[in-house]
Amino acid sequence: MFAKAVAVSLLTLASASVFAAECSVTVDSTDQMSYTSKEFTVDKSCKEFTVKLTHSGNLPKNVMGHNLVISKTADMQAIATEGMSQGLDKDYLKADNAAIIAHTKMIGAPEKETEVKFDTSKLEAGGDYSFFCTFPGHISMMKGKVVVK
Ligand code: ZN
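The rules behind the values
Residues numbered from 1 in each chain as written. Predicted model: local features only at pLDDT ≥ 70, side-chain atom pairs only at ≥ 80, totals over all residues. Heavy atoms only, no water. UniProt positions renumbered as here; feature names shortened; annotations may be inferred. Helix = DSSP H or I, 4+ residues; strand = E, 2+ residues; numbered from the N terminus. Areas by Shrake-Rupley, 256 points an atom, 1.4 Å probe, with all protein chains shown as cover. Donors = N, O, S within 2.8 Å, 3.2 Å for Na, K, Ca; no water. Tetrahedral: all angles 85-135°; square planar, octahedral: opposite > 155°, others 65-115°. Buried < 20%, exposed > 50% of the residue type's maximum accessible area, 1.4 Å probe, protein only. Disulfide = S-S within 2.5 Å. Pairing = 2+ DSSP bridges. Axes fitted to C-alpha atoms, helices over the stretch in contact; angles between N-to-C directions. Core = buried A, V, L, I, M, F, W, Y, C linked by side-chain atoms within 4.5 Å. Contact = heavy atoms within 4.5 Å.

The name given to the protein in an unreviewed UniProt entry is Azurin, with the source organism recorded as Pseudomonas putida. Quoted verbatim from the Function (unreviewed entry) field of UniProt, the annotation for the protein is "Transfers electrons from cytochrome c551 to cytochrome oxidase." Checking UniProt for the protein, the heading Subcellular location (unreviewed entry) contains the comment "Periplasm".

Right under this line is the structure:
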C-alpha cells in the first residue's frame, strides 16, 4: 500500500511540473447530458494544449456517449449536423472535416476518460471558438466557450 501511494504522489508531481503553465484542462461529462464546465481558456504561451474529457455517468456510449470537439463557433452546428449521419461507429463525427480543430473520441460507461492534445497555433488569440458534443441532440445542452489568449 505504502509503495503504491508513493508512486501515485510521484506521478502527481511529475504531471504538475509538465503542466506548470496550465496547458491542460479537464472537463467532466454526465448522464444528465451536460458538461460540468461552460468555458475554458487556452493559453497560447503553451505550444500544445491537452483537453481531458471524463465521463462520470453510468450510461453506455450508445445511450449517453460524449465527446469534446473544438471548432470556430461559426462551424460548430454544421460539424454536429454532419456528424449525426456518421453513426456511432465513427463517433458521430466526420473527423476529416478541416473545420475541426481538435476532438476526443466518444466515451461512455464503463470508459471513464479520454484526452486529446493539439497544437495551439491552430487557434488565434481572441477568436470565437467553442467546444461541444456531437452525439445526436447533445449540442443543444453540451456546448461551451473556448477562450484563447
Ligand atoms: Zn454528449
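1. Some thoughts on the overall build of the protein
Within the protein, the secondary structure is distributed over three helices and eight strands. Element order for the protein, N to C, with α for helix and β for strand: α-β-β-β-α-β-α-β-β-β-β. As presented, the protein carries roughly 8100 Å² of accessible surface, and 58% of it is formed by carbon and sulfur atoms.

2. Considerations on the coordination of the zinc ion
Only His66 (ND1), Cys133 (SG), His138 (ND1) and Met142 (SD) from the protein reach the zinc ion as donors, at distances of 2.1 to 2.7 Å. Considering all four donor atoms around the zinc ion, angles at the metal cover 80 to 132 degrees and the coordination shape is irregular. Each donor residue of the zinc ion belongs to the same chain, and together they define the spacing H-x66-C-x4-H-x3-M. Per residue, the accessibility class of histidine 138 equals that of methionine 142, and both read buried.

3. Some remarks on the state of the cysteines
What makes a disulfide is a covalent bond joining the sulfur atoms belonging to two cysteines. Enumeration over the complete set of coordinates arrives at one disulfide. At a sulfur-sulfur separation of 2.0 Å, the disulfide partner of cysteine 23 is cysteine 46. What sets the handedness of the cysteine 23 and cysteine 46 disulfide is the S-S torsion sign, and at about -85 degrees it is left-handed. With cysteine 23 in the loop between helix H1 (2–18) and strand S1 (24–29) and cysteine 46 in the loop between strand S2 (39–42) and strand S3 (48–55), this pair connects stretches of sequence that are 23 residues apart.

4. With respect to the sheet that holds S3
One open sheet holds the three strands; their spatial order is S1-S3-S6, and the pairing between them is mixed. What marks the edges here is a single partner per strand, and that holds for S1 and strand S6 (113–119). For this sheet, the mean angle separating the axes of adjacent strands, direction not counted, is 20 degrees.

5. Examining the nonpolar core
Counting residues in hydrophobic clusters, the biggest one holds 25 residues, and the most contacted among them are Phe40, Val51 and Ile70. For this core, the elements supplying multiple residues, two or more each, are S1, S2, S3, S6, strand S7 (129–132) and strand S8 (143–148). Ignoring sequence-local partners within four residues, the contact set of valine 51 consists of Val25, Phe40, Leu68, Ile70, Thr104, Thr114, Glu115, Val116 and Phe118. Core analysis: the second largest hydrophobic core is formed by eight residues, Ile79, Ala80, Leu93 and Ile100 among them.

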